[in-house]
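# Breakdown of the fold
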Amino acid sequence: MKHVSFVFIAILILLGGGLLGYTLLHTSSPVATSSGGCIDIPSSPDYLASGNPLDAITAINNARALEHVRPLRLDASFHRRNPAEQQFILLNLERTDRGLLPLHLDRNLSLVATAYSKQMRNLGFFSHTSPIAGTFQVRVDSNPTVVNHYALVAENLSGNPAPGAGSIYEYMYDDASEACGHRYNILDPQLRTVGIGWVMGSQYGSISAQEFLTSSVWSPYIDSNVDQRPPSISIVDARTSVASRQSGPSLTNPFYAHLHARAQIEDHVGGIHITWFLDRFGNRPHTGPLTDVDREHLAPGVHTLYVYVVNGVQIYSMARYIFVVG
């Protein structure tokens, strides 16, 4: 049986709140290419085929040797650490072994990275633009501890069977088709802070995110403890503001041709993003606190109205309302 490994990596950079660039990489196998002076080095051994994180470490060392960088110096505890901690150690070794200052690990950014990784896995997408949270710009500006407090922010995303070392290999040594943008993020001397999060699962084996930040001088960024509770959401009748029940008539009064619904939100951190879907996640979305459904244009039968709310640290909740037409 032919074995095919899939790796997805994405990069996005914002400078002073402005969108600069976006790229997405999908490779089915390592390919030796050269683009703009940036070299892709086929992984040896092929950790994508084995899924073995030890193979990924060996591949990194072999690639570093080709770049005349000394082998990784890892203590005995490295392989007992979780993939986010492993990524952080490897990021800083890639920087310090090239004469750069190490990155500082940030709690708030790590929470965002973990929550966004869960969002991508649970909802089945892989992108800097979330179907329920908006673009990277929107996500950054919804975080109360980040907005107006950064000079530079960037994001790396990875789906990889070896979520620690494997992701670092792809970012650093197999990134020419992306003009080495992920590598430049990792080695950017202006970036000083990072948050890392990961989750197991998805078609890639794992999904992880790296959130980079440089504090502004005029209004410095401060790491802080953030409420990690998901926002509370319910669907209410927009006419009466009475909370609906799945069996209740308030949203489906037969005298109303339209279903008017409002999302009622509590316990949220920072800005929120509200998105509605009718019958299935992924159908044409509607954003905002209110939605209107024309029941006369729906097929007879059971229908479900879904609403998702995402808070400023990318933790989301969902509510649904089931109603019958005909």
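As the structure is a computational prediction, the values presented were derived from the model and not from experiment.

## Quick word on the overall build of the protein chain
When helices and strands are tallied, the protein chain shows seven helices and 15 strands. Within the protein chain, buried positions represent 50% of all 326 residues. Within the protein chain, contacts between residues at least 6 apart in sequence are counted, and of these 68% link residues at least 24 apart. Accessible surface computed for the protein chain: about 14,700 Å², of which carbon and sulfur atoms make up 57%.

## As for the confidence of the model for the protein chain
Predicted confidence across the protein chain gives a mean pLDDT of 84, with 82% of residues reaching 70 or more. Contacts for the low-pLDDT stretch residues 16-37, under 50 throughout, to residues beyond four places or in other chains number 58 contacts. Here residues 241-250 scores under 50 on pLDDT; set against residues more than four positions off or in separate chains, the count is 18 contacts.

## Comments concerning the environment of Q228
Secondary-structure assignment places Q228 in the loop between β8 (206-215) and β9 (232-237). Along the primary structure Q228 and L111 are separated by 117 residues, whereas in three dimensions their C-alpha atoms are 8.3 Å apart. Not counting the four nearest positions on each side in its chain, Q228 is found in contact with L111 and I315.

## Notes on the sheet that holds strand β13 (residues 290-294)
As summarised here, the arrangement of the three strands in space is β9-β10-β13, forming an open sheet in which the pairing is antiparallel. Both edges of this open sheet fall to β9 and β13, since each of them pairs with a single strand only. Taken pair by pair, the neighbouring strands of this sheet meet at an average axis angle of 25 degrees, ignoring direction. With five bridges connecting them, strand β10 (residues 258-266) and β13 associate as antiparallel partners. Following the sheet pairing, R262 is matched in β13 by L290.

## Brief notes about empty space enclosed by the protein
Taking a probe equal in size to a water molecule and rolling it over the atoms shows the remaining empty space. Within this structure, the stated rule accounts for one cavity of 30 Å³ or more. As for the largest cavity, its lining consists of 15 residues, and the residues nearest its centre are L109, V112, F136, V140 and E211. Only α4 (107-123), α5 (136-142), β6 (150-159) and β8 provide two or more residues apiece to the lining of the largest cavity. Tallied by class, the residues present in the lining of the largest cavity amount to nine nonpolar, three polar and three charged.

## Here's the deal with the nonpolar core
Of all hydrophobic cores here, the largest spans 31 residues; its most connected members are I60, L90 and Y169. When residues of this core are traced back to their parent elements, those giving at least two are α1 (47-50), α2 (53-66), α3 (83-96), β6, α6 (165-173) and β7 (193-200). In terms of residue count, the dominant contributor to this core is α6 (six residues).

## Thoughts on the packing of α2 against α3
How two helices pack is summed up by the angle between their axes together with the distance between the axes. Orientation of α2 relative to α3, taken along the N-to-C sense of each, is 10 degrees, at an axis distance of 13 Å. If you check the angle between α2 and α3, you find them roughly parallel. Contacts from I57, I60 and R64 of α2 reach α3 at L90, L93 and E94. Looking at the contact of α2 with α3 residue by residue, the class counts come to four nonpolar, no polar and two charged.

## Some remarks on the sheet that holds strand β14 (residues 301-310)
The four strands lie next to each other as β12-β11-β14-β15, forming an open sheet whose pairing is antiparallel. Single-partner strands in this sheet number two, and they are β12 (286-287) and β15 (316-325). Bridge count between β14 and β15: ten bridges; the pairing is antiparallel. Along β15, the bridge assignment pairs Y306 with R320.

## Describing the environment of T145
Relative to the helices and strands, T145 is located in the loop between α5 and β6. Using a relative accessible area of 14% as the deciding quantity, one classes T145 as buried. Residues T145 and L109, spaced 36 residues apart in sequence, show a C-alpha to C-alpha distance of 9.5 Å. With sequence-adjacent residues up to four places away left out, T145 is seen in contact with N108, Y221, S224 and V226. Polar side-chain contacts of T145 include one of 2.4 Å to the side chain of N108. Looking at T145, its side chain comes within polar contact range of the side chain of N143, at 2.8 Å.

Rules and cut-offs
- Residues numbered from 1 in each chain as written.
- Predicted model: local features only at pLDDT ≥ 70, side-chain atom pairs only at ≥ 80, totals over all residues.
- Heavy atoms only, no water.
- Helix = DSSP H or I, 4+ residues; strand = E, 2+ residues; numbered from the N terminus.
- Buried < 20%, exposed > 50% of the residue type's maximum accessible area, 1.4 Å probe, protein only.
- Contact = heavy atoms within 4.5 Å.
- Areas by Shrake-Rupley, 256 points an atom, 1.4 Å probe, with all protein chains shown as cover.
- pLDDT = per-residue confidence, 0-100.
- Pairing = 2+ DSSP bridges.
- Axes fitted to C-alpha atoms, helices over the stretch in contact; angles between N-to-C directions.
- 1 Å grid on protein atoms, 1.4 Å probe; cavity = no way out; pocket = protein on both sides within 12 Å on 5 of 7 lines; lining within 4 Å.
- Points joined across faces, edges and corners; volume = space filled by probe spheres on them.
- Nonpolar A, V, L, I, M, F, W, Y, C, P; charged D, E, K, R; others polar.
- Core = buried A, V, L, I, M, F, W, Y, C linked by side-chain atoms within 4.5 Å.
- Parallel < 35°, antiparallel > 145°, perpendicular 65-115°, else oblique.
- Polar contact = N/O pair within 3.5 Å; in protein donor to acceptor, adjacent residues only side chain to side chain.

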